[in-house]
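Notes for the structure review
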Amino acid sequence: SPRLRGFAFGFISELRIGYRKSPAVQEGEPALKRGPRAGDRLPDAPIARNGQPTYLQQALAGPRLHFLLCGDPQSWDSTQLAEMATRYDALLTTTKLARRDEAPGILVDEAGDALSRLAVNSSAQYLVRPDGHIAFRCAGVDLVGVREYLERWFDGAPRGV
């Protein structure tokens, strides 16, 4: 039946798999009221990087954690981001997503589709696992929650992994 085929496709393609009840995912504070929750798959949307069209999931693909900072690129504390990049250099890639192209490497969502699907009003942060599922998310630019999450799960992990 079409319904059974749809269910099988969603399961095999992992589009319907979620980890919301896993202890390895966390909703941070301040909480986002809408959008995909920690444990859900990151939604896809067309964006641009360095003027070239691409998709959000393609831009965040790879064998590392991807820390997606949504909103005004200037609002993030560059000192704290540099400390996190140094501490988790083998595990973490940080990427900014904004409505306008403000610097090289920033993901640009001029149409607002990606930011809308992520339920970003002004700023939000998403830590995305290599399998495309959200490990941590919260609103705002305070990095304390994600830093605590990373410390709990990755401090003591071998470097260079």
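Scroll up for the structure.
Description of the structure in this document.

Conventions adopted
- Residues numbered from 1 in each chain as written.
- Predicted model: local features only at pLDDT ≥ 70, side-chain atom pairs only at ≥ 80, totals over all residues.
- Heavy atoms only, no water.
- Core = buried A, V, L, I, M, F, W, Y, C linked by side-chain atoms within 4.5 Å.
- Buried < 20%, exposed > 50% of the residue type's maximum accessible area, 1.4 Å probe, protein only.
- Helix = DSSP H or I, 4+ residues; strand = E, 2+ residues; numbered from the N terminus.
- Contact = heavy atoms within 4.5 Å.
- Pairing = 2+ DSSP bridges.

**Some thoughts on the nonpolar core**
For soluble globular proteins, nonpolar side chains are generally found buried alongside one another. Counting residues in hydrophobic clusters, the biggest one holds 22 residues, and the most contacted among them are Leu 56, Leu 68, Cys 70, Leu 97, Leu 107, Leu 118 and Tyr 126. Sorting the residues of this core by element identifies helix H2 (56-59), strand S4 (65-71), helix H4 (113-117), strand S7 (123-128) and strand S8 (134-139) as the ones contributing at least two each. If sequence neighbours within four positions are ignored, Leu 107 has contacts with Ile 47, Ala 48, Arg 49, Leu 56, Ala 59, Leu 60, Leu 68, Thr 95, Lys 96, Leu 97 and Ala 98. In terms of nonpolar packing, the next biggest core, distinct from the first, is built from 17 residues, Met 84, Leu 127, Leu 143 and Val 146 among them.

**Observations concerning unusual backbone geometry**
In this model, Glu 29 is joined to Pro 30 through a cis peptide bond whose omega is 0 degrees. With phi around 55 degrees, Asn 50 is a residue other than glycine that occupies positive phi space. When you line up the elements, Asn 50 lands in the loop between strand S2 (46-49) and strand S3 (52-55). Residues other than glycine seldom take positive phi values, yet Ala 119 does so here, at roughly 60 degrees. With respect to the secondary-structure elements, Ala 119 resides in the loop between H4 and S7.

**Points about the pairing of S7**
Along S7, six of the six residues are buried, which leaves the element largely enclosed by surrounding structure. Alternating positions in S7 separate into two faces, Ser 123, Gln 125 and Leu 127 on one and Ala 124, Tyr 126 and Val 128 on the other, with burial throughout. Looking at chain direction, S4 and S7 are connected through six bridges and run antiparallel. When the sheet's bridge partners are listed, Leu 68 is paired in S7 with Tyr 126. Sheet analysis places S7 next to S8, joined by five bridges and oriented antiparallel. Its bridge partner being in S8, Tyr 126 is matched across the sheet by Arg 137. Between S7 and S8, which pair antiparallel one after the other, the connecting turn spans five residues, and Gly 132 there sits at a positive phi close to 90 degrees.

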